[in-house]
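Coordinates in review
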Amino acid sequence: MTRMLGTAPLVVLLALGLGLSGCDGSGSGGSADRAAVDEVEQQADAALDGVLHDVAAALRLDGAQGSRSFTICGESYAPRGVVMQSFVHFDASGELTREKATATTVGLLEDDGWTVDDPDNTVILKAAKGRLVLHVQIGPSLVQVDLVSECVETSDAVAEEYADRPTVDLAWS
């Protein structure tokens, strides 16, 4: 009996060690994980350069200022991946009516393949396309755009690599 109890803890420790060895994130993912995050970033850039430029032109918005950052999703002790966040705000002429601006924005988003949750919401529009979620808040003198990704699953190392990147300004032209 003593012999069996002596080997049981060893077997448990070995099983735990083997089971947990894949959880540290080193060596799993790598370039495939980076490619998945880069793809989401490219999709966000396409939305910014495409439909959001169309919205800004249709609503006669100017003074665009924006930034992009990445944060870890999941628990701090067990990250699952990263979320990309892009924020852009525009100055409006002050004559922007929410109803007209909402209808115009919804039309442009739907034409571009976005699914708008509540197209009649004149305060905040929420739309989704692929792995991206877009929130557009329309006010008479300011339009705020939040474009975020779902959690892109990566290894711990890749999640930390992206989260350590500094917030960057988005170029708008």
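Whatever comes next refers back to the structure up there.
Residues numbered from 1 in each chain as written. Predicted model: local features only at pLDDT ≥ 70, side-chain atom pairs only at ≥ 80, totals over all residues. Heavy atoms only, no water.

**Looking at helix α5 (residues 156-163)**
- All of the buried residues along α5 are D156, V158, A159 and Y162. Along the axis of α5, the buried residues cluster in a sector spanning 165 degrees; they form a single face. (Buried < 20%, exposed > 50% of the residue type's maximum accessible area, 1.4 Å probe, protein only. Helix = DSSP H or I, 4+ residues; strand = E, 2+ residues; numbered from the N terminus. Arc of directions from axis to C-beta.)

**Structural notes on the pattern of salt bridges**
- Per the stated rule, a full pass over the model turns up 5 salt bridges.
- With its nearest N and O atoms 3.3 Å apart, the salt bridge here joins K129 to D112. Highlighted residues: K129 in strand β4 (residues 124-129) and D112 in the loop between α4 (98-111) and β3 (115-116), separated in sequence by 17 residues.
- Under the relative-accessibility criterion, K129 is labelled partly exposed at 33%.
- Through salt bridges with shared partners, one network takes in E41, D45 and R68. (Salt bridge = Lys/Arg side-chain N within 4 Å of Asp/Glu carboxyl O.)

**A look at unusual backbone geometry**
- Phi is positive for R60, close to 55 degrees, though the residue is something other than glycine.
- Checked against the element boundaries, R60 lands in the loop between α3 (51-58) and β1 (62-75).
- A relative accessible area of 71% means that R60 is categorised as exposed.

**Regarding the state of the cysteines**
- Here the structure, examined in full by the defined rule, presents 1 disulfide.
- Through a disulfide, C73 is tied to C151; the S-S separation comes to 1.8 Å. Of note, the bridge from C73 to C151 carries an S-S torsion of about 60 degrees and is right-handed in sense. With a gap of 78 residues between them, C73 in strand β1 and C151 in the loop between β6 (142-149) and β7 (152-153) connect regions that are remote in the sequence.
- Looking at C73, the relative accessible area reads 10%, which means it is buried. (Disulfide = S-S within 2.5 Å.)

**Things to note about the packing of aromatic side chains**
- Using the criterion set out here, one finds 2 aromatic pairs in the structure.
- Pairing F90 with W172 gives two aromatic rings, centres 5.1 Å apart and planes at 75 degrees, and the pair type is edge-to-face. Taken together, the positions of F90 in strand β2 (residues 78-91) and W172 in the segment after β8 (168-169) put the pair 82 residues apart, joining distant regions of the chain.
- F90 gets classed as buried once you look at its relative accessible area, which sits at 2%. (Phe/Tyr/Trp six-rings, centres within 6.5 Å; stacked < 30°, edge-to-face > 60°.)

**Details of the nonpolar core**
- Formed by 36 residues in total, the largest nonpolar core has its most connected members in L61, L96, W114, L134, V143, V145 and L147.
- Breaking this core down by element, the ones donating at least two residues are α2 (31-49), α3, β2, α4, β4, β5 (132-138), β6 and α5.
- Broken down by element, the residue count for this core peaks at 5 residues, all from α2.
- Not counting residues within four places of it along the chain, the set of residues in contact with V145 comprises L52, S86, F87, V88, F90, L134, H135 and V136. (Core = buried A, V, L, I, M, F, W, Y, C linked by side-chain atoms within 4.5 Å. Contact = heavy atoms within 4.5 Å.)

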